[in-house]
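# Secondary and tertiary structure notes
Each chain, written out:
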Amino acid sequence: MKFLRSIGLMLALSGVAGYATTAHAEREMNPEAKDLILKGDAKCTGCHDEADEPEPSMLELHPGVLRIGKTKHGTKADGRTPTCTDCHGESLDHLNYKGSDKPPRPDRVFIKPGLSSAEVRNAACSSCHAKDIQRSHWAGSVHDTRGVACNDCHKIHSAEDRVRDKRTQAEVCYTCHKQQRTAMNKPSHHPVPEGKMSCSDCHNAHGSVGPKLMKRDSVVETCYTCHMEKRGPFVHNHQPVDEDCSICHEPHGTVTESLLKARPPFLCQSCHTPHGAFPPGVATGPAGPGLSGQPGWWNSSAITQGRGCLNCHTQVHGSNNPGLATPTPQRLFR
Amino acid sequence: MKINFVSVTTLAAVAAIFMLSSPARAFDEDAAKSLAKRNDCFKCHAVDKTKKGPAYKKIAVKYKGKEAEGEAAIIKNITTAPMVKLEDGTQQEHKVIDTKNPAELKNLAAWILSL
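Residues numbered from 1 in each chain as written. Chains lettered and ligands numbered in written order. Predicted model: local features only at pLDDT ≥ 70, side-chain atom pairs only at ≥ 80, totals over all residues.

## Notes on the overall build of chain B
What counts, and what does not: Helix and strand assignments follow DSSP, with helices taken as H or I runs no shorter than four residues and strands as E runs no shorter than two, numbered in order from the N terminus. Every C-beta atom is placed from the backbone, and the number of other C-beta atoms within 10 Å of a residue's own sets its class: buried at 20 or more, exposed at 12 or fewer, partly exposed in between. Each residue is represented by a C-beta atom placed from its backbone, and any two residues with such atoms within 7 Å are regarded as in contact.
Tallying secondary structure elements over chain B gives five helices and two strands in all. Taken across its 115 residues, chain B has 23% of its residues classed as buried. Sequence separation of at least 24 residues holds for 56% of the intrachain contacts in chain B that already meet a minimum separation of 6.

Here you go:
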């Protein structure tokens, strides 16, 4: 009897569970599509929902459309937040397609290499972002004139926009700027590979009035934002310091210490003629029997062999040392 | 430890009921989903919610107990592009799938009908 009661109870439970499943399925089958993320997105998310999510991958080249909800473009509380059609266009041909083939593309698609031109894609972004002062020099900038589109660097639907993360930004830039990737991997480099700096600390990729898209109006002004001790003013300036740091330095990286383009004295001698004779008191070689009278100790060869310009000219960026008079001028000495 | 014969029998009976009520999974779910995703089936259908087309669970309920008929109907829809009625009442040609392999088509239909 107890056995039969148990069977009956189980059958009853199975029936209830089956009914509940059917009822749940019916409840879920709501023919009216509702906005999922953005205001008015139902016309798009009715088809493009979580099913658009790609297979998991490390690169996330094409994040699912609903990921927009994790980005600033998905902030519904902000009245400026756009909806799908603000960027992709009304796309009526795409929306109203009834055929069995693939529907026509939306008005604006942001797929590399780009079924929509860079101008068309950028126009969608600049309709809101053109007012941003950081992007005021985009028109006519190198990136603009060479057909770079915003989404070539930015991932709009991804919460992880790699170019906006200091640790990963350089990898995005390196996809085009391969020479800079090589330089950054040389022994002497700015700490970009270590994640302490990013390309945008010096460059404004959205355009600037300076050369090489420098953030400030010149190379030196940009360098001075961190290396302010090189700015001066000094009693005696070293002209390249005022003119362009990259005359002596390769900022992305070199095999010479201090990011120098070449080792002293060769770097120095690319502008300065080799040293003339030294007075005996400043001679670099020991005086003594068998040594005196050898020209090597009196001219620049010893300095060259010792790589020693900076042994005396320690203040190459500028000096306040007043001693410029002969016989022992102390240019750029401490 | 004393084993209650009635309890064991009850458990065995319940297990038998569940085994009989669930169909044998003679299909590759991952392959079916992959084929459906590749062909944008999920643009119009979802497993458990109504989009432009009916949910797969609704189709499975419709053909419950008539699996052979359901399989034929599904394969006809995805291979011959008939006009189908959408959930909003309008009509549209059904999309044609990019494979003609009967095994793949049957596998997809079997997965849908199993939901």
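We are not done yet, so read on.
## Comments concerning the packing of helix H4 (residues 67-80) of chain B against helix H5 (residues 102-114) of chain B
Residues and elements named next belong to chain B. Threshold: Inter-axis angles, ranging from 0 to 180 degrees, are taken between N-to-C directions of lines fitted to C-alpha atoms, where helices are fitted over the stretch in contact. When an angle is under 35 degrees it counts as roughly parallel; over 145 it counts as roughly antiparallel; between 65 and 115 it counts as roughly perpendicular; any other value is oblique. By definition, turning the near helix anticlockwise from the far helix through less than a right angle yields a left-handed crossing, and turning it clockwise yields a right-handed one. Polar here means any residue outside two lists: the nonpolar Ala, Val, Leu, Ile, Met, Phe, Trp, Tyr, Cys and Pro, and the charged Asp, Glu, Lys and Arg; Gly therefore counts as polar.
Remark: H4 packs on H5, axes separated minimally by 9 Å, with the N-to-C direction vectors making an angle of 125 degrees. The angle between H4 and H5 places the two elements in the oblique class. When you trace H4 past H5, the crossing you get is right-handed. Across from Glu67, Gly70, Glu71, Ile74, Ile75, Ile78 and Thr79 in H4, the residues of H5 making contact are Leu105, Lys106, Ala109, Ile112 and Leu113. In the contact of H4 with H5, the residues fall into seven nonpolar, two polar and three charged.

## So, the confidence of the model for chain A
As a general rule, the predicted coordinates of low-pLDDT regions are not to be interpreted in detail. Residues and elements named next belong to chain A. Note the threshold: Along the chain, pLDDT gives the predictor's confidence residue by residue, from 0 to 100.
Per-residue confidence for chain A gives a mean pLDDT of 82; residues scoring 70 or more make up 75%. The weakest mean pLDDT in chain A belongs to helix H1 (residues 2-28) at 47; the strongest belongs to helix H9 (residues 178-184) at 97. Confidence drops under a pLDDT of 50 for residues 11-30, and excluding neighbours within four residues, the segment shows 15 contacts in the predicted structure. Note on residues 292-298: pLDDT under 50 across the span, and 11 contacts to partners over four residues away in sequence or across chains.

## Here we look at the packing of helix H2 (residues 29-38) of chain B against H5 of chain B
All names here are of chain B. One can describe the packing of H2 onto H5 by two numbers: an axis separation of 9 Å at closest approach and a directional angle of 100 degrees. Between H2 and H5, the crossing angle belongs to the class labelled roughly perpendicular. Mapping the contact onto sequence places Glu29, Ala31, Ala32, Leu35 and Ala36 in H2 and Glu104, Asn107, Leu108 and Trp111 in H5. Along the lines of polarity and charge, the residues of the contact of H2 with H5 split into six nonpolar, one polar and two charged.

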